[in-house]
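Listed below are the residues making up each chain.
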Amino acid sequence: MDKFVIRGGNPLVGTIRVSGAKNSALPCMAAAILTEDEITLENIPQVRDIETERKLLASMGAVVDLGAENDRHHTTISCRTLSDPVAKYEIVKTMRASSLVLGPLVARTGMARVAMPGGCAIGGRPIDLHIKGLEKMGATIVQEHGYLEARASRLKGAHLVFDKITVTGTEDLLMAAVLADGETVMENCAREPEVTDLAALLTAMGARIEGAGTSTIRVQGVASLHGARYRINPDRIEAGTFLIAGAITGGDLTVADCNPDHLRAIIAKLEEAGVRIDIPGPDSVRVHPGERLLAADISTEEYPGFPTDMQAQYMALATQADGVSLIKENIFENRFMHVQELVRMGANIKVDGRTATVRGPAKLSAAAVMCSDLRASASLVLAALVADGESILDRVYHMDRGYERFEEKLRSVGAEIQRMGNVFAPREPQPVAD
Ligand code: EPZ
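Please read these numbers as outputs of a predicted model, since none were measured by experiment.

Quick look at the nonpolar core now. Residues L34, L155 and L202 are the most contacted members of the largest nonpolar core, which totals 80 residues. Here this core takes six residues from helix α1 (residues 22–31), the largest share from any one element. With near-sequence residues (within four places) excluded, L34 lies in contact with P104, A107, R108, M175, V178, L179, L202, M205 and L225. Among the nonpolar cores identified, the runner-up in size contains 67 residues, and F306, A318, L380 and F406 belong to it.

Below is the structure:
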């Protein structure tokens with residue numbers, strides 16, 4: 001298993017470029033199921049989850065081209081030859097976002113057989129709201145032997161109200177609705193930019209959607225969709241992670257190829273924590289060296305609130321801030337896996353239920369630590385960038401799932417970080433989903 005070796009102490013200086021959003025690319029790739037025509041997606045990130053999604057679609061009979069070996073930032077997908085609407089457990093267990101094929105498969109083929117994703121490191125991650133919505137649209141769903149089997153001759157438009165805000169639930173049912181018979185109104189939807197990205201692709205394919213990015217989405221079902229070419233938005237979580245990397249190292253770092261409009265809550269919180277930030281242009285945000293970091297509380301919320309996917313990274317910053325920061329995790333029940341590893345590096349953090357109390361500034365010392373999930377891994381990298389000495393981070397395959405060439409990008413702005421072990425190659429995905 002690959003490891004990162006990181007020597008802390010260097011301020012990050014220069015420009016670092018953001019890749020396309022993994023959590024936009026995944027639903028957009030699944031949307032290719034909805035048409036016989038070719039879909040081309042640009043600016044997709046070259047990360048393991050995209051490779052997993054390619055395997056999943058190919059296992060169903062789709063033809064998925066992931067571009068040349070050295071430039072896999074675009075993909076062309078044809079589901080004309082979709083022959084086997086089954087998402088097998090061997091793949092689903094490595095990436096729970098595989099459940100995003102459920103809605104499109106039922107909408108396109110009238111049938112889907114999808115392995116239940118099971119839980120993961122950060123929580124139970126049920127998909128009951130996906131199921132409830134599809135049943136409301138006329139699908140019959142049987143759960144047995146760890147699989148969901150959904151059938152519908154043609155889904156019917158319905159009035160759906162989500163009991164909880166769910167990002168992939170909103171995306172899954174949006175993809176079900178675009179080919180349904182009649183109008184679907186979805187209330188209490190997720191407003192994440194990744195939902196808006198998917199809706200933009202579906203509209204380019206001929207879907208009739210209003211309200212994407214708001215809590216209420218209205219869809220007029222159409223008989224069929226055609227092909228399209230679409231460019232994925234930048235990854236706001238990768239951008240936020242790099243902003244914190246610049247802030248925690250006291251660097252002067254410009255994060256380029258991002259969308260500052262998607263970073264408002266992150267930027268506001270970093271400014272409250274004493275980070276000096278400006279926005280030099282429409283696709284970049286710059287962090288300047290500041291005097292000192294100040295404690296500031298966060299409470300994770302659905303978009304446009306402070307993202308749960310930035311909670312672990314912010315916690316690393318809070319260990320260096322002057323004062324007590326309260327970090328409340330409202331979205332997932334077990335998203336503090338990074339805490340004990342940060343404590344082993346010298347952080348002062350106490351957890352009580354869904355709230356972590358961080359006292360700073362704490363002097364961090366390098367240690368051998370273990371990555372547990374995608375964003376916890378990023379948190380440990382950030383801590384290692386300021387820790388005294390050389391840290392070893394194990395199980396960095398978690399990072400490879402959602403961060404493209406992470407160590408190369410950080411090295412290009414002065415971080416002392418090396419990958420040990422096998423060079424990242426798309427080997428069998430690891431049995432951990434989050
Ligand atoms: C998406 O996961 C993201 N993944 C996650 O990013 C992100 O953390 C999460 O949204 C929240 O923003 C992708 O987009 C591929 P949810 P998702 O459904 O859709 C509960 C990363 O780091 N819920 O919005 O699975 C659920 O348990 C990953 O890139 C139900 O109860 O999350 C959670 O408490 C990690 N029933 C809450 O809703 C359901 O049917 C929000 O989950 C669905 C969800």
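A residue-level look at the protein chain finds 96% of positions with pLDDT of 70 or above and a mean pLDDT of 95. The model gives residues 423–428 a pLDDT under 50, and that stretch makes 12 contacts with residues more than four places away or in other chains.

The next point concerns helix α4 (residues 102–109). Within α4, six of the eight residues are buried, leaving the element largely enclosed by the surrounding structure. Residues L102, G103, P104, L105, V106 and A107 constitute the buried set of α4. Packing partners of the buried residues in α4 comprise α1, β7 (111–115), α5 (128–136), β9 (147–151) and α6 (167–177).

For the rest of this paragraph, the subject is the pattern of salt bridges. Scanning all chains against the criterion turns up 29 salt bridges. In this structure, K22 engages D49 in a salt bridge whose closest nitrogen and oxygen atoms are separated by 3.6 Å. On the criterion of sequence distance, the pair formed by K22 in helix α1 and D49 in helix α2 (residues 48–59) is long-range, its members being 27 residues apart. By the burial criterion, K22 is buried, and D49 matches it. The closest approach of N and O atoms between R405 and E408, which form a salt bridge, is 3.2 Å. A single salt-bridge network, built from bridges that share partners, covers D2, D400, E407 and R419.

A few words now on the sheet that holds β7. Sheet architecture is open: four strands sit in the order β6-β7-β9-β8, paired in mixed fashion. Bordering the open sheet on either side are β6 (86–87) and β8 (140–144), each of which pairs with just one other strand. Across two bridges, β6 lies against β7 in parallel orientation. Bridging across to β7, A87 finds its partner in V114.

Spatially, four strands are ordered β22-β23-β1-β24 in an open sheet, and the strand pairing comes out mixed. Two strands bound the open sheet, and with one partner strand each, they are β22 (368–370) and β24 (416–420). Within this sheet the neighbouring strands show an average axis-to-axis angle of 20°, counted without direction. Packed on one face of the sheet, helix α12 (residues 374–384) meets β1 (3–7), β22 and β23 (390–394) and runs near 170° to β23.

Here we come to the side chain of S391. For S391, the position within the fold is in strand β23. A polar atom in the side chain of S391 sits 3.2 Å from the backbone nitrogen of A367. Among residues more than four places away in sequence, those in contact with S391 are F4, V5, I6, M345, A366, A367 and A384.

Attention now goes to the site of the ligand. Residues in contact with the ligand amount to 22 residues; listed here are only the nearest, D128, T166, T168, D309 and I331. The contact in question runs from an oxygen atom of the ligand to an N or O atom on the side chain of R96, over 3.0 Å. Protein contacts shield 92% of the accessible area of the ligand, which totals 830 Å² for the unbound molecule. If you list the elements that add at least two residues to the shell around the ligand, you get α1, α5, α6 and α12.

Any two aromatic rings considered together are summarised by their centre-to-centre distance and by the angle between their planes. Taken as a whole and assessed by the stated rule, the structure comprises three aromatic pairs. When the ring of F242 is compared with that of F406, the centres are 5.7 Å apart and the planes differ by 20°; the resulting orientation is stacked. Taken together, the residues F242 in helix α8 (residues 236–248) and F406 in helix α14 (residues 406–411) connect sequence positions 164 residues apart. Taken as a pair, F242 and F406 share a single burial class, namely buried. For the ring pair Y403 and F406, a centre distance of 4.7 Å and an interplane angle of 50° mean the geometry is tilted. Of the aromatic side chains, those joined through ring pairs into one cluster are F242, Y403 and F406.

The rules behind the values
- Each chain has its residues counted from 1, following the order in which its sequence is written.
- This being a predicted model, a pLDDT of at least 70 is required before a residue's local features are given, and a value of 80 or more before pairs of side-chain atoms are given or counted; all residues contribute to the totals for chains, interfaces and linings.
- Excluding hydrogens and water, the side-chain values take into account all heavy atoms of the structure.
- Only buried residues count toward a nonpolar core, which is a set of Ala, Val, Leu, Ile, Met, Phe, Trp, Tyr and Cys residues joined through side-chain atoms within 4.5 Å.
- The cut-offs for exposure are 20% and 50% of the maximum accessible area for each residue type, with area from a 1.4 Å probe on protein chains only; residues under the lower value are buried, those over the upper are exposed, and the others partly exposed.
- The way it works is that DSSP assigns letters per residue, a run of H or I at least four long becomes a helix, a run of E at least two long becomes a strand, and they are numbered from the N terminus.
- Residue contacts are defined here by distance: any two heavy atoms, one from each residue, within 4.5 Å place the two residues in contact.
- Confidence scores labelled pLDDT are given residue by residue by the predictor and lie between 0 and 100.
- What counts as a salt bridge is simple: a side-chain nitrogen of Lys or Arg found within 4 Å of a carboxyl oxygen of Asp or Glu.
- Two strands pair under a simple rule: DSSP has to find at least two bridges between them.
- To define axes, lines are fitted to C-alpha atoms, for helices over the stretch in contact only, and angles between the resulting N-to-C directions are given on a 0 to 180 degree scale.
- A 3.5 Å cut-off defines polar contacts: any pair of N or O atoms within that distance qualifies, except that in protein one atom must be a possible hydrogen donor and the other a possible acceptor, and neighbouring residues in sequence count only when both atoms are side-chain atoms.
- Throughout, near means a residue has at least one heavy atom within 4 Å of the molecule or strand.
- Per-residue accessibility takes into account occlusion by the displayed protein chains alone, with areas from the Shrake-Rupley method and a 1.4 Å probe.
- Between 30 and 60 degrees the pair is tilted, below 30 it is stacked and above 60 it is edge-to-face, where a pair is any two Phe, Tyr or Trp rings, Trp via its six-membered ring, whose centres lie within 6.5 Å.

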